[in-house]
2 protein chains.
Amino acid sequence: MSAGVSPVDLSDDADVLVARELGIDTHQEYVIYMHRDCPVCRAEGFTAQARVAVRIAGRSVVATLNVVQTDWLAVHEVGFSTSAWNALRASTGSRVFVSHAPPLESASALRSKIFGHRLDAAQIGAIVADIAAGNYSDAHIAAFLSAGAGGRMDLQETVDMTAAMVAVGDRLSWQRTPIADKHSVGGLPGNRTTPIVVAIAAAAGLTVPKTSSRAITSPAGTADVMETMTRVALDLPAMRRVVESEGACLVWGGAVSLSPADDLLIRVARPLDLDGDAQLVASVLSKKLAAGATHVVIDMPVGPTAKVRSESDANRLRELLEQVASALGLHVGVLLSDGAQPVGRGIGPALEARDVLAVLRGEPGAPVDLRARALALAGSLLEFCGRSRAGEGHDDAAKILDAGLAWNKFQAICEAQGGLREPARAALRHAVLAEHDGFVSAIDNRRLARLAKLAGAPAVAAAGLELHVRLGDSVNPGMPLFTLHAQAPGELAYALSYLASHPVLSISREEKP
Amino acid sequence: MSAGVSPVDLSDDADVLVARELGIDTHQEYVIYMHRDCPVCRAEGFTAQARVAVRIAGRSVVATLNVVQTDWLAVHEVGFSTSAWNALRASTGSRVFVSHAPPLESASALRSKIFGHRLDAAQIGAIVADIAAGNYSDAHIAAFLSAGAGGRMDLQETVDMTAAMVAVGDRLSWQRTPIADKHSVGGLPGNRTTPIVVAIAAAAGLTVPKTSSRAITSPAGTADVMETMTRVALDLPAMRRVVESEGACLVWGGAVSLSPADDLLIRVARPLDLDGDAQLVASVLSKKLAAGATHVVIDMPVGPTAKVRSESDANRLRELLEQVASALGLHVGVLLSDGAQPVGRGIGPALEARDVLAVLRGEPGAPVDLRARALALAGSLLEFCGRSRAGEGHDDAAKILDAGLAWNKFQAICEAQGGLREPARAALRHAVLAEHDGFVSAIDNRRLARLAKLAGAPAVAAAGLELHVRLGDSVNPGMPLFTLHAQAPGELAYALSYLASHPVLSISREEKP
């Protein structure tokens, strides 16, 4: 009875599967959905959460299987998460082949690290390559991060991991040196110095191929802010053209494939609060090395609500950054800064962009703290790269800014990226007023950020809030403390109802200490 | 303009969400699906993979959010994985409330373990409680298992973890002692001694409240095998009634809530090959303690394709099992056995049940290896529990079996569980014949198991295969080597097409060594 039966008959018949886009955002993890009664599921013995190899035409990925037990998905359909759909360049009805996932190249190396052994460069390379190829589930990645946390990655392993993360992505090279870059360890709302620093450094003749990220948990990332003024989703050739013509760019890192493994690690590390120093250092430095940077200034705000909370943490992290960087031929300078309160006035993409423009244009009301931080960073970058004499960087940066050269350069960069436009203004505004007199004794950065997100940021670029006071300011009844900006009444209402039960500013009647 | 806006208006209006069953089997991890444009997603700033608290009426779970970007899910619908749907007892249209997940009780303990510190009983208890409550994502669980692997859980932590796993589930207590139990570390197809051992021990007057698992990666679990002969999905009261009347039961552990955290850990550990000794020991012993056992005999097959691969691994594991057990007042005896080839003839639920029945009924053709293994385990259990004198357990067990007392007891147990029936027979059979003479020089257990699953096992109870030869047997051309059993032509065809390219037996022409 097996006469008529052969693999050929089968593949032409019983197990023909077709692709269906489900648009499920699993945040990069590849997931496919198959019906419980799908003949291939049955025959291969696939169970929920099985790791399977999915092939369409020439492309293939390893995905996690979710089994569907009701009939919104047909027996011969394979549903795709957005990540898997894009990776396979699938289209509706594409023929899909699903089989058991091949054993992971790096399985033994991962297991070896989990069981406490140190890894050599080849083993770390295999793990990072599998992560970049999407062969690891979130659980695999979490197991790897956990195995390496708590000082279980030594200096050499951290160096090897950083190099491996660079190796699996594209890497830019420039026919000149120095190549300058800037990074902020983050955690401070409104700390949007990057566009100003890049404009000043480029105006001074430095080459700055800057890539930035979008917001992940904050109300705005530098890429979100820049996108309110120009195009940021440039591919590598376009990015290179901009840098060649203007000496700098301000683009979204997600559109170029520089250290792609980093995005996958961060996605799993953040919700687990699992980013050990080794991973943080590899993350920051791999992006800079991939962009071709030779000299990097790192802004490290230290404060109770910033990412780095104490001086001692800051010094430990600074030391590791410098050691790993020098092992990889990268010059790094770390600047500690005050992380006590938000920087500038705006919180949210368009509102932060307005602060940036005000500083670049030298408007009278431009936020002084944002200007001061940008000048300090730009100044040290100029000295670091040999464009300014020691001790003169800050003044040189100030001259460039005040002469309008940074503003001209910023406009040129935006034009090269697709044109400069004014940030949008929100349709709805609601001022929150002081109820009694006193002075601003505390600002809850976490709640301010939450409030800006409830108002719609960063998805709604014009949404967020505008802060009118700073720590220590005296206020009188009826004086505006901050203004909420929103596009939809529902979102403004959400922000206000949150505010009703979560005060974000403390107005104290006592005398200032 | 915020006049008319209050939290009350909102909850009655903008954010009304309704439940929709999607039947997506995520293998116990709680997952919900919301549309990108859902007002609550927007307002709360939920992003893909966010951990959210989901509430329906009085019940609440923490789930992972998947964001849907196409319109097969409506903006006000919340789709549910099967696990979350059942946990919340949701029904179509139920009103759903979704909010940010509360901080994990055990987050600091988990982080502490990840960063290399040892945990006390309270910290381990908090972690296990969060796991049992479904508050951990697969990534959290993987991070915890990884942090504890490689000897990073000491003896006391393993004891505390075992006790914590018992504490979060139901625990049976019996007004007598000893309470006997039996466990097999597994990895050997057809090693179905449990029903025979339990029947003999109960016939000898021992109390054996046995719970077993279904197949996860194998062609059959003991619960699948028993289900071909009687009802196995009994709740705790029903299980207790059976044990009170017959002295023993043979039920599915999944229907009773004994050590529920164990199932969640195993789900993540297995695909990652991450089960360290500590987790394996806690897994096995927590189930036995929860069942109220006082004396447990553990069968540990050792062989290249078994779970335990070497004598030294076996001895290390045996020692840890005994130390943790004695710390928790449990008497454990470990028997090492040969794990070189399958046990009995059948592979698949009904076919293995037939082997079990043949041994219990003393049929002439009953598989001698299955009988021998069952007698060895039953004999040591009788001695271990003081029912036999040292050295006489095996003979006592043989007498009970040969006198038909075990068969009578087995029938009584099945009647008490809902009635005894004969295992089904498959509609289709296909004998695979020897092509030339020689002797059986190798059996690929992994491929045999795969073949049985392709034929439909364990989902199709009657499916699988029947092995007619053993290592060293001489064969002649045309002699049947094994017979495939299947219910559907398609499944038989799958098995045959796999077989065409994957031989499972080696027939060697050389003389036997």
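As the structure is a prediction and not an experimental result, all values here were calculated from the model. (Residues numbered from 1 in each chain as written. Chains lettered and ligands numbered in written order. Predicted model: local features only at pLDDT ≥ 70, side-chain atom pairs only at ≥ 80, totals over all residues. Heavy atoms only, no water.)

Turning our attention to the interface of chain A and chain B. Contacts between the two partners involve 65 residues from chain A, matched on the other side by 65 residues from chain B. Where chain A abuts chain B, roughly 5500 Å² becomes buried across the two surfaces, and 60% of that area is made up of carbon and sulfur atoms. Where chain A touches chain B, the interface holds 0 salt bridges. Summed over the shared surface of chain A and chain B, the result is 14 residue pairs in polar contact (both at pLDDT 80 or more). For the side of chain A that touches chain B, the secondary-structure elements that each account for two or more residues are α1 (7-12), β1 (17-25), α2 (39-44), β4 (59-68), α4 (107-114), α6 (138-148), α18 (445-454) and α19 (489-501) of chain A. For the side of chain A that touches chain B, the element with the highest residue contribution is α6(A), accounting for 7 residues. (Contact = heavy atoms within 4.5 Å. Buried area = accessible area lost by both parts, 1.4 Å probe. Salt bridge = Lys/Arg side-chain N within 4 Å of Asp/Glu carboxyl O. Polar contact = N/O pair within 3.5 Å; in protein donor to acceptor, adjacent residues only side chain to side chain. Helix = DSSP H or I, 4+ residues; strand = E, 2+ residues; numbered from the N terminus.)

Residue and element names in this part refer to chain A. Mapping T194 onto the fold places it in helix α8 (residues 194-203). On the basis of relative accessible area, T194 is assigned to the buried category, the value being 6%. At 2.8 Å, the side chain of T194 forms a polar contact with the side chain of K182. Non-local contacts of T194, meaning those with residues more than four positions away in its chain, are made with K182, K210, S212, T222 and L250. (Buried < 20%, exposed > 50% of the residue type's maximum accessible area, 1.4 Å probe, protein only.)

Tallying each qualifying case throughout the model produces 5 aromatic pairs over all chains. Between B:W407 and B:F410, the aromatic rings sit 6.4 Å apart at their centres with planes inclined by 20 degrees, giving stacked as the arrangement. Within this pair, B:W407 and its partner B:F410 are both found in helix α17 (residues 405-417), separated by 3 residues, close to a single helical turn. As far as the burial class goes, B:W407 and B:F410 line up, both buried. The ring centre of A:F97 lies 4.5 Å from the NZ or CZ of A:R55, which sits over that ring. Across the ring face of A:W252, the terminal group of A:R214 is positioned such that the distance to the ring centre comes to 4.3 Å. (Phe/Tyr/Trp six-rings, centres within 6.5 Å; stacked < 30°, edge-to-face > 60°. Lys NZ or Arg CZ within 6 Å of the ring centre and 35° of its normal.)

All right, on to the packing of α18(A) against α19(A) then. Residue and element names in this part refer to chain A. Where α18 contacts α19, the axes come no closer than 8 Å and their chain directions differ by 155 degrees. It follows from the interaxial angle that α18 and α19 lie roughly antiparallel. On the side of α18, the interface is formed by R447, R450, L451 and L454, while α19 contributes E491, Y494, A495, Y498 and L499. Its residues placed into classes, the contact of α18 with α19 shows 6 nonpolar, no polar and 3 charged. (Axes fitted to C-alpha atoms, helices over the stretch in contact; angles between N-to-C directions. Parallel < 35°, antiparallel > 145°, perpendicular 65-115°, else oblique. Nonpolar A, V, L, I, M, F, W, Y, C, P; charged D, E, K, R; others polar.)

Next up on the list: empty space enclosed by the protein. According to the stated counting rule, one finds 4 cavities of 30 Å³ or more in the structure shown. Looking at the largest cavity, its volume works out to about 530 Å³. In terms of lining residues, the largest cavity is bounded by 32 residues, among which A:E29, A:D138, B:E29, B:Q49 and B:D138 are the most central. Among the elements of the structure, β2 (31-35), β4, α6 and α11 (260-269) of chain A together with β2 (31-35), β4 (59-68), α6 (138-148) and α11 (260-272) of chain B are those that each provide at least two residues to the lining of the largest cavity. Per element, the largest residue contribution to the lining of the largest cavity is 4 residues, and it comes from α11(B). (1 Å grid on protein atoms, 1.4 Å probe; cavity = no way out; pocket = protein on both sides within 12 Å on 5 of 7 lines; lining within 4 Å. Points joined across faces, edges and corners; volume = space filled by probe spheres on them.)

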